[in-house]
Amino acid sequence: MSADWQPTACILCECNCGIVVQTSVQDGVRTLARIRGDKDNPASQGYTCNKALRLDHYQNNRARLTSPMRRRPDGSYEQIDWDTAITEIAEGFRGIADAYGGEKIFYYGGGGQGNHLGGAYSGAFLKLLGSRYRSNALAQEKTGEAWVDFQLYGGHTRGEFEHAEVSVFVGKNPWMSQSFPRARTVLNDIAKDPARSMVVIDPVLTDTAKMADFHLRVRPGTDAWCLAALAAVLVQENLCDDVFLAEHVHGADEVRAVLATVPIAEYAERSGVDVELVRATARRIAAADSVAVFEDLGVQQAPNSTLCSYLNKLLWILTGSFAKPGGQHLHSSFAPLFSLSGVGRSPVTGAPIIAGLVPSNVVPEEILTDHPDRFRAMIVESANPAHSIADSENCRAAFESLELLVVIDVAMTETARLAHYVLPAANQFEKPEATFFNFEFPRNEFHLRHRLFEPTPGTLPEPEIWSRLVRALGVVSEDDLRPLRDAARHGRDAYTQAFFTELAANPALGKALPFVLYETLGPTLPDGLAGAAALWGLAQKAAVTYPDAVRRAGHADGNALFDAILESKSGVTFSVHEYEDDWALISHPDRKIALVIPEMLDDIRALADDRPELTDPEFPIVLSAGERRAFTANDILRDPSWRKRDADGALRVSVEDAVALGLVDGGRVRITTAAGSAEATVEISATMMAGHAALPNGFGLDYVDADGQRRVPGVAPNALTSTDWRDPYAGTPWHKHVPARLEAVSSKLVTAR
Ligand SMILES: Nc1nc2c(c(=O)[nH]1)N[C@H]1C(S)=C(S)[C@@H](COP(=O)(O)OP(=O)(O)OC[C@H]3O[C@@H](n4cnc5c(=O)[nH]c(N)nc54)[C@H](O)[C@@H]3O)O[C@H]1N2
Ligand SMILES: Nc1nc2c(c(=O)[nH]1)N[C@H]1C(S)=C(S)[C@@H](COP(=O)(O)OP(=O)(O)OC[C@H]3O[C@@H](n4cnc5c(=O)[nH]c(N)nc54)[C@H](O)[C@@H]3O)O[C@H]1N2
Ligand code: SF4
Ligand SMILES: [Mo]
């Protein structure tokens, strides 16, 4: 075992906490032998949760791919060499583009929880083919919020929970799901401090809710009424920050007029929350010096999701909790995850494209049709949509009908098994990698992880895969690249100069930008960091976009920032803002928040209408399909032995429902929805509300044991979900609100058969 502690990061959620690792190599098996939090990581500062210690299950597992695979006509796979794979795939996509147009080639994914460098290189190949449409998981969670954000202030916000006097979590369980740095430490600090308060809006008595000062235990799917009532208290009790609204917000009066008509007591009752608790919560928010709010899947994947995004933002906007310590902030971005440029609507269903992303939910419909504009071919990179998109069966049928499907992954996934070609990537400890989830303010961090090991034989890092694909298209020649290759050898300044000159002179290079950087700057980078070349462009952009904040962080210019990123193995602070910078980060020309979104005001008014419940006598239970728990990590860990408990992902049900339905703790239950049916283990839990049940995410992945047994622990949540229940603005699915029927499976019957 190597005695060195090498810095890298945990890749199991978007926090990407810094870790240090002692590795061992024995008989060719490379192991993450010991793992600790990295105190030198500027964002996580030594923090990890329980999951980081299980990362060797990602490094070593039997699902790993080690050769490019090609599907045979009978559906089985054969190993092929890289040259054959690259040639055939490039020819295949070229053929699709020639026959139907490049826009029929669809791209899904681009990065999971910790690996966004691969996606950064995909652009060259796709652009050269004329591909325009893309999607990823953000289009089944965050696009409704993005739609609201773009109109309000034109950027993404993040709460400063570390310093907030009041922290509000709406459909968010950060004790389990984390999502901001050092989450459990911050939550403990808030809970211990009598001067600070925590508000949780969640039907479940979650670990976070247990720590809360105000737990608004809404009935599932009724957040819109609860949030409207909260905002209405601010208006009707005159608790808004009038000075802030007058100086910094357009349209506040129009919004206040709508909220003035909200019947608070009635809406509190509709959401099942005591009206006095609603009033007390709103008063606490209004009295605070600072309020930070986090909305997540509990509202983003439930009815009225986009309206809920709008309403929860009113809580901090009406109280002026912006551009000050502990408040809500627009932040710098090293590499924006959301693109503002998108093509307006998807070609077949006309679904709205938000942040450049086609809603995940409509992808199968964009394929399974005889519409002339349907997608004909697809590249999936670092995602498992056949398992993660609603209605897996329909999704599988769609993928099977494609003329060409290529999957780039480390493992043989549910999606890979439908592909014509599967390309094996080096994993995240075998190549330089980085996350683009850099959302903090006033200090924002970026971490380029160095590799711990050489790529597993047979695999390649994504930058090299994309580069080979581009080369196979034969559009950019050696002559095109030579001037930049030469300049790169003469240092960063020479390269910078040559870059802009060459780009202006040779438009072909502009189309293939990440490829050009990889091919010309990449070879000069030390320590196997060629794959970091694309960061050079992003560093230049960050330095131009936030010149003062980047300088405050100690980087004189883009080249200095790039060099600091290459050198610091534990991550760098790339921007240090002052609180008033928040105003400049608003993209509207007058730097004011534009509060009126007409559709949202209409939707608030429409809350007065009668709404039928989605549940009915046939499907009387609300199933939340995909809850985050102590041992779930999306689809990243396929080897089920990583879990220390909840091995088959129990269905959590309330005591009341268990009694009524005759369910036994540890027994089995059949879950049936409009989309499908599955069997699960029962966990009776006092944390659940009557009529509500929850299944974890990340289950139902198949895995072959050491003894060759195929195992599929737990339920694949999307065997039970439908694509048609979705948000009217963003097309995001209602995974947290699936009408279901539960029936006890009698163990006696099973043994009698
Ligand atoms: N352990 C773990 N952590 C993770 C992940 C993981 O797989 N495992 N995945 C990461 C990813 S990709 C994401 S997007 C985040 C998601 O993080 P979260 O959104 O926090 O995760 P969930 O548990 O899916 O949903 C949050 C809460 O919504 C509640 N909820 C259900 N229905 C309703 C409702 O109608 N109203 C309200 N207000 N709440 C409701 C649930 O009870 C749950 O507590 O987690 C990240 N962190
Ligand atoms: N019913 C239901 N469905 C849901 C959710 C829910 O709560 N309920 N949550 C949704 C949410 S919030 C999210 S974020 C999505 C997640 O869904 P996806 O975006 O599809 O992500 P994962 O399923 O985690 O798949 C990540 C893939 O990346 C692969 N991978 C790991 N490392 C590497 C690497 O270095 N290179 C490459 N090329 N691949 C790699 C893994 O093997 C895995 O197959 O699921 C969504 N689906
Ligand atoms: S799973 Fe835990 S240790 Fe890993 S990045 Fe997320 S919070 Fe950090
Ligand atoms: Mo997510």
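Just so we're clear, the structure is a prediction, and the values are computed from it rather than from any experiment.

Draft legend 1. View of helix H27 (residues 598–606). Among all positions in H27, only Met600, Leu601 and Ile604 are buried. An end-on view of H27 places all buried positions within 100° of arc, on one side of the element. In this structure, the buried side of H27 is in contact with helix H4 (143–152), helix H10 (252–260), helix H11 (264–271) and helix H14 (305–318).

Draft legend 2. Broad picture of the site of ligand 2. In the neighbourhood of ligand 2, 30 residues make up the surrounding shell, with Ser388, Asp409, Glu462, Ala625 and Arg628 lying closest. Within the contact set of ligand 2, an oxygen atom lies 2.8 Å away from a side-chain nitrogen or oxygen of Lys431. The contact in question runs from an oxygen atom of ligand 2 to an N or O atom on the side chain of Lys736, over 3.4 Å. Compared with its free state, where it exposes 920 Å², ligand 2 has 95% of that area covered by protein. If you list the elements that add at least two residues to the shell around ligand 2, you get helix H16 (385–388), strand S16 (404–409) and strand S23 (621–627). Here the residues of the shell around ligand 2 sort into 11 nonpolar, 12 polar and seven charged. Both of domain 2 (69–139 + 336–440 + 443–576) and domain 4 (621–744) provide at least three residues apiece to the shell around ligand 2.

Draft legend 3. Molecular detail of the environment of Thr23. As for its placement among the helices and strands, Thr23 is situated in strand S2 (residues 18–26). Within the structure, the side chain of Thr23 is placed 3.5 Å from the side chain of Gln6, a separation counted as a polar contact.

Draft legend 4. Spotlight on the layout of surface pockets. In this model, the second largest pocket occupies a volume close to 430 Å³. Together, 21 residues line the second largest pocket, and Gly221, Trp225, Pro303, Asn304 and Arg611 are the ones closest to its centre. Breaking the lining of the second largest pocket down by element, the ones donating at least two residues are H14 and H27. Class assignment for the residues of the lining of the second largest pocket results in 10 nonpolar, five polar and six charged. Counting only domains with at least three residues in the lining of the second largest pocket, you end up with domain 3 (157–330 + 590–605) and domain 4 (621–744).

Draft legend 5. Region of interest: the pairing of strand S26 (residues 677–684). Of the strand pairs in this sheet, strand S24 (residues 651–653) and S26 are connected by three bridges, and their pairing is parallel. Its bridge partner lying in S26, Leu651 is registered against Val682. Summarising the sheet, strand S25 (residues 668–673) and S26 pair through five bridges and their orientation is antiparallel. Within S26, the position partnered with Thr672 by the bridge is Ser677. Hairpin remark: S25 followed by S26, antiparallel, with three residues in the connecting loop.

Draft legend 6. Summary view of the environment of Leu607. With respect to the helices and strands, the residue Leu607 is situated in the loop between H27 and S23. Separated by 303 residues in sequence, Leu607 and Asn304 have C-alpha atoms that sit 9.9 Å apart. Apart from the residues lying within four places of it in its own chain, the contact partners of Leu607 are Ala224, Trp225, Ala228, Tyr267, Arg270 and Leu307.

Draft legend 7. Just the site of ligand 3, in detail. The full set of residues close to ligand 3 is Cys10, Leu12, Cys13, Cys15, Asn16, Cys17, Thr48, Cys49, Lys51, Ala52 and Gln178. A majority-of-atoms criterion places ligand 3 in the second largest cavity. Taken together, the residues of the shell around ligand 3 break down into seven nonpolar, three polar and one charged.

Draft legend 8. Broad picture of empty space enclosed by the protein. Evaluated as defined, the whole model comprises four cavities of 30 Å³ or more. Taken as a whole, the largest cavity spans an internal volume of roughly 270 Å³. The wall of the largest cavity is formed by 23 residues, among which Glu14, Cys15, Ala43, Phe437 and Asn438 lie closest to the centre. No other element matches strand S19 (residues 443–446), which puts three residues into the lining of the largest cavity. Residues belonging to the lining of the largest cavity are distributed by class as follows: nine nonpolar, nine polar and five charged. By volume, the second largest cavity is sized at about 90 Å³. If you go around the second largest cavity, the residues you meet are Cys10, Leu12, Cys13, Cys15, Asn16, Cys17, Tyr47, Thr48, Cys49, Lys51, Ala52 and Gln178. Here the residues of the lining of the second largest cavity are counted per class, giving eight nonpolar, three polar and one charged.

Draft legend 9. Highlighting the state of the cysteines. Using the criterion set out here, one finds zero disulfides in the structure. Of the cysteine sulfurs around Cys240, a residue in no disulfide, the closest is that of Cys226, at 17 Å.

Draft legend 10. Inspection of the UniProt feature "domain: 4Fe-4S Mo/W bis-MGD-type" (unreviewed entry) in the protein at higher detail. Under the local residue numbering, the UniProt record ascribes the feature "domain: 4Fe-4S Mo/W bis-MGD-type" (unreviewed entry) to residues 3–63. Between the C-alpha atoms that bound residues 3–63 there is a distance of 29 Å. The span itself is 7% helix and 36% strand.

Draft legend 11. Up close: the sheet that holds strand S4 (residues 69–71). The mixed open sheet is built from seven strands, whose spatial order is S5-S4-S17-S16-S15-S6-S7. Two strands lie at the open edges of the sheet, namely strand S5 (77–79) and strand S7 (134–135), each paired on one side alone. The sheet contact formed by S16 and strand S17 (residues 421–424) spans four bridges and is parallel. Residue pairing in the sheet places Asp409 in a bridge with Pro424 of S17.

Draft legend 12. Representation of the nonpolar core. Phe93, Tyr310, Leu318, Phe334, Leu535 and Leu595 are the most contacted members of the largest nonpolar core, which totals 193 residues. When residues in this core are grouped by element, the largest group, 12 residues, is from helix H8 (residues 223–236). Contact partners of Tyr310, with chain neighbours within four places excluded, come to Val148, Leu152, Val255, Leu595, Val596, Ile597, Met600, Leu601 and Ile604. Tyr108, Val362, Leu418 and Ala419 belong to the second largest nonpolar core, which has 29 residues in total.

Draft legend 13. Up close: the sheet that holds strand S9 (residues 166–170). Here four strands make up an open sheet; going across it, the order is S11-S10-S9-S13 and the pairing parallel. In this open sheet, the two edge strands, each paired with only one partner strand, are strand S11 (214–216) and strand S13 (291–295). Sheet twist, expressed as the mean angle between neighbouring strand axes with direction ignored, is 10°. In terms of strand pairing, S9 meets strand S10 (residues 197–201) through five bridges, oriented parallel.

Reading the values: the criteria
- Residue numbers restart at each chain and count upward from 1, following the sequence in its written direction.
- To label them, take the chains in the order written and letter them from A, then take the ligands in the order written and number them from 1.
- Reporting of local features is limited, given that this is a predicted model, to residues whose pLDDT is at least 70; pairs of side-chain atoms are given and counted only at 80 or more, and all residues count toward the totals for whole chains, interfaces and linings.
- As a rule here, side-chain values cover all heavy atoms of the structure and leave hydrogens and water aside.
- Classification of residues uses two cut-offs on accessible area relative to the type maximum, computed with a 1.4 Å probe and protein chains only: under 20% is buried, over 50% is exposed, and between them is partly exposed.
- Secondary structure follows DSSP: runs of H or I at least 4 residues long count as helices, runs of E at least 2 residues long count as strands, and numbering of each begins at the N terminus.
- By definition, the arc is the one covered by directions from the helix axis to the C-beta atoms.
- In what follows, residue pairs with any heavy atoms lying within 4.5 Å of each other are defined as contacts.
- Whether a residue is near a molecule or strand depends on its heavy atoms: if one lies within 4 Å, it is near.
- Counted as a polar contact is a pair of N or O atoms within 3.5 Å, where, for protein atoms, one must be capable of donating a hydrogen and the other of accepting one, and residues adjacent in sequence contribute only when both atoms are in side chains.
- Accessible areas in this description were obtained via Shrake-Rupley with a 1.4 Å probe; residue shielding takes into account the shown protein chains only.
- Three classes are used: nonpolar for Ala, Val, Leu, Ile, Met, Phe, Trp, Tyr, Cys and Pro, charged for Asp, Glu, Lys and Arg, and polar for all others, with Gly counted as polar.
- Domain start and end points were adopted from an automatic or database domain assignment.
- For cavity detection a 1 Å grid was placed over the protein atoms alone, and a set of points counts as a cavity when a 1.4 Å probe fits there but cannot get out; an open set counts as a pocket when protein lies on both sides within 12 Å along at least five of seven lines, with lining residues being those that have an atom within 4 Å of a point.
- Grid points are joined across faces, edges and corners, and a volume is the space filled by probe spheres set on the points.
- Two strands pair under a simple rule: DSSP has to find at least two bridges between them.
- Cavities and pockets are treated as containing a molecule whenever more than half of the molecule's atoms lie within 2 Å of their grid points.
- Disulfides are defined as pairs of cysteine sulfur atoms found within 2.5 Å of each other.
- UniProt positions are given in the numbering used here, feature names are shortened, and annotations may be inferred rather than shown by experiment.
- Here, the term nonpolar core denotes a set of buried Ala, Val, Leu, Ile, Met, Phe, Trp, Tyr and Cys residues that are joined through side-chain atoms within 4.5 Å.
- Structural elements are reduced to axes, namely lines fitted to C-alpha atoms, with helices fitted over the stretch in contact, and the angle between N-to-C directions of any two is expressed from 0 to 180 degrees.

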